[in-house]
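One-letter residues, chain by chain:
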Amino acid sequence: MVKLACSTALFWALPTNIRPLIRIAYLSQRRAYSQSKCSTRKQLTIAGVDYPTDSWTNVPRAILSNYGRKLHISQHHPLAITRQLIESRFVGFKNHNNLPGVVTVDQNFDSLGFAPDHPGRSKTDTYYVNESTLLRTHTTAHERDIFRDNQSDGWTLAADVYRRDAVDRSHYPIFHQMEGALTWHRPNFSSRDACLDAIKDSLRKLPKHDLAVEDPNPPFHPDHNPLQEKYHSPEEAEAVGAHLKRSLEDVVVTIFTEADKALASAGQASSTEQEPLKVRWVEAFFPHTSPSWELEVWWRGDWLEVLGCGVIDQPLLIRANQPDRIGWAFGIGLERIAMLLFGIPDIRLFWSKDERFLRQFRAADPYKRFQPFSKHPAAPRDVAFWLPASAQGPVVADTPASNSSAPSPAGGQRTETVKAGVEPVFHENDLMEVVRMIAGDAVEDVKLIDDFTHPKNQRRSLCYRVEYRSLERTLTAEEVNAMHEQVCSELVGRFNVEIR
Ligand code: PHE
């Protein structure tokens, strides 16, 4: 078993110029985390506002240090350029881009019809400020309020969102989403049929494209993608769905045309990338839309999920005091789009303050391929441990099953989750959090490489590979060893596991 004392000795053996780096990151995180665990921190201050803490509090300090950076509205930032490109396809929509990320559980879940035991609510998936307040997990958290304010028929909303998640090159606990919605107010028309005609008319006027679209499913399906028959006629749902799909296909054509141009001008277009663009619609489920879909794009030889969308759940509009509106909504993850638009290979780069990154993007000449400025060596270290022998309850350790190219549509990885309120024996997201707490942005990837149950005593052992790599400099072996020792001892201390 690794002891903390041993790691401390190792720490003091490190060169003096390295110690502060590890110590600051580690000690402050450790304090924040352990305090939040025991909820001795009486309050948490976020953007100048004090929030009482309780047994739900689990927001680490590293997250808060990036809170409020507003990358999506920073001039010349690739996420801001991506946001503007999408906004440009929704002419006349009001753009909301400055909504604070601390929201209530009511906004993030209840107002959207999330079931009380929905896994998204669990502490393993979500950063709670306290029992009733959290860091929004999606931009949908603002839908009800924006519908209620009723400032425009069409709107978009871009913002930072927060999820406890896997560690790899396309997942970061903070990322950005863009939400969009369009509704029609039936009383504005002489009859319900006139409203339906207006939707169809608007659909006819949307830009045409010659994109290959696979859409094998019916407009709705009683079992797996139901019409809201209490509120919508089949024709209405079909027209709204068609309008939604065409609008989003237009966005995808715009994005990928720019990505292709950037590739061609960088002389990087290969035969796979020159394949004609194709997309497909896949049935989906969201508590706040029905029917619902995801849009996937064929990109570099793989189907890539880019967004989730659907016909807005009418009870949600009723809760927003808009019972007479009907319409669609979508949510799209901005990092994923920006990564392929600019060829950005690692999601951590978006947070870089390094001029070598930032100066490559200019709003006036926006879609240029990113030129990597350095690649420092990776330092892999494994950690294998036995799960506690006596503990009963769920174990979530499924990275290989949910591979990182299958995240949820608007960003974030779909891990196997436990129902809210169920306390897991071990949850992979907690391990990810420990690694981030200690290594910060010096970790690139964490994955399960072995899962073994002893045939005799039935004890289960897991082995994770932690890939340390800094984007800014080469890590020394001592530094990596010290971080890894800390990871091991934290795992022992927190989850009662036994290092093998
Ligand atoms: N909220 C969904 C997510 O985070 C995305 C979405 C938004 C889906 C709006 C449908 C409508 O994955």
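To keep things clear, this report deals only with the structure shown in the data block. Every value quoted in this text rests on a predicted model; they were computed, and no experiment measured them.

### What to know about the overall build of the protein
1) Next: The secondary structure content of the protein amounts to 13 helices and 19 strands.
2) Next: The buried share of the protein, reckoned over its 500 residues, is 55%.
3) Next: In the protein, the share of contacts with a sequence separation of at least 24, taken over all contacts with a separation of at least 6, comes to 72%.

### Thoughts on helix α7 (residues 192-205)
1) Next: For α7, which comprises 14 residues, the first-to-last C-alpha distance of 20 Å matches the rise-based estimate of 20 Å (1.5 Å per residue) to within 8%.
2) Next: Considered for burial, the residues of α7 that qualify are C195, L196, I199 and L203. Buried positions in α7, seen along its axis, are confined to an arc of 100° and lie on one side of it. In α7, the exposed positions angled more than 90 degrees off the buried face are occupied by D193, R204 and K205.
3) Next: Looking at the buried residues of α7, the elements they touch are β8 (174-185), α8 (234-265) and β13 (325-333).

### Concerning the sheet that holds β8
1) Next: If you trace the eight strands from one edge of the open sheet to the other, you get β3-β7-β8-β13-β12-β11-β10-β9, paired in mixed fashion. The open sheet has two edge strands, β3 (94-96) and β9 (212-214), and neither has a second partner. Neighbouring strand axes in the sheet, compared pairwise and without regard to direction, differ in orientation by 25° on average.
2) Next: Relative to strand β11 (residues 289-299), strand β10 (residues 278-286) runs antiparallel, the two being bridged by seven bridges. Each bridged residue has a counterpart across the sheet, and for W281 the counterpart in β11 is L295.
3) Next: Packed onto the sheet, helix α4 (residues 78-87) meets β3, β7 (154-162), β8 and β13 and runs at close to 15° relative to β8.

### Brief notes about the packing of aromatic side chains
1) Next: Per the stated rule, a full pass over the model turns up 23 aromatic pairs.
2) Next: Residues Y172 and W351 carry aromatic rings whose centres are separated by 5.8 Å and whose planes lie at 20° to one another, so their mutual orientation is stacked. One end of the pair, Y172, is in the loop between β7 and β8; the other, W351, is in the loop between α10 (334-342) and α11 (355-358), with 179 residues separating them in the sequence. Of the two residues examined, Y172 and W351, each falls in the buried class.
3) Next: Among the aromatic residues, those joined into a cluster by ring pairs are F342, F357, F361, Y367, F370 and F373.
4) Next: Sitting over the face of the ring of W293, K245 holds its NZ or CZ atom 4.2 Å from the ring centroid.
5) Next: Directly above the ring of W386 sits R500, whose terminal nitrogen or CZ lies 4.4 Å from the centroid.

### Some points on the side chain of T254
1) Next: Take T254: it is sitting in helix α8.
2) Next: Here R89 takes part through its side chain, which lies 3.2 Å from a polar atom of the side chain of T254.
3) Next: Discounting chain neighbours no more than four positions away, the residues touching T254 are L85 and R89.

### What about the sheet that holds strand β5 (residues 128-130)?
1) Next: Taken together, the three strands give an open sheet; going across it, the order is β4-β6-β5, and neighbouring strands pair in antiparallel fashion. In this open sheet, the two edge strands, each paired with only one partner strand, are β4 (102-104) and β5. On average, adjacent strands in this sheet sit at an angle of 35° to one another, irrespective of strand direction.

### Concerning the nonpolar core
1) Next: With 71 residues, the main nonpolar core has L135, L248, W328, I344 and F350 as its most contacted residues.
2) Next: Per-element tally for this core: the top contributor is α8, with 10 residues.
3) Next: Among residues more than four places away in sequence, those in contact with I344 are P78, A338, M339, L349, F350, F357, F361 and F370.

### Notes on the pattern of salt bridges
1) Next: Following the criterion strictly, the structure yields 30 salt bridges and no others.
2) Next: Three or more residues joined by partner-sharing salt bridges are found here, namely R169, D346, R348, E444 and R469.

Calculation notes
- Chains are numbered independently. Their residues run from 1 in the order of the written sequence.
- Where local features are concerned, this predicted model is filtered to residues with pLDDT of at least 70; where side-chain atom pairs are given and counted, the filter is 80 or more; whole-chain, interface and lining totals use all residues.
- Side-chain measures were taken over the full set of non-hydrogen atoms in the model, leaving aside hydrogen atoms and water.
- The secondary structure listing takes helices from DSSP runs of H or I that are at least 4 residues long and strands from runs of E that are at least 2 residues long, numbered from the N terminus.
- Residue burial is assigned from relative accessible area. The probe radius is 1.4 Å, only protein chains are included, and a residue is buried under 20% of its type maximum, exposed over 50%, and partly exposed in between.
- The contact definition used throughout considers only heavy atoms, calling two residues in contact when any of these lie within 4.5 Å.
- Any helix carries an expected span of 1.5 Å times its number of residues minus one.
- The reported arc concerns the directions from the helix axis to the C-beta atoms and nothing else.
- By definition, two strands form a pair when at least two bridges between them are found by DSSP.
- Helix axes use the C-alpha atoms of the stretch in contact, all axes being lines fitted to C-alpha atoms, and the angles between their N-to-C directions lie in the range 0 to 180 degrees.
- By convention, a stacked pair of Phe, Tyr or Trp rings (six-membered ring in the case of Trp) has centres within 6.5 Å and planes under 30 degrees apart, an edge-to-face pair has planes over 60 apart, and any other such pair is tilted.
- Lysine and arginine charges are scored as sitting over a ring when NZ or CZ, respectively, is within 6 Å of the ring centre and within 35 degrees of the ring normal.
- We call two N or O atoms a polar contact when they sit within 3.5 Å, provided that within protein one can donate a hydrogen and the other can accept it, with sequence-adjacent residues counted only if both atoms are side-chain atoms.
- Put simply, buried Ala, Val, Leu, Ile, Met, Phe, Trp, Tyr and Cys residues joined by side-chain atoms within 4.5 Å make one nonpolar core.
- Salt bridge, as used here, is a side-chain nitrogen of Lys or Arg placed within 4 Å of a carboxyl oxygen of Asp or Glu.

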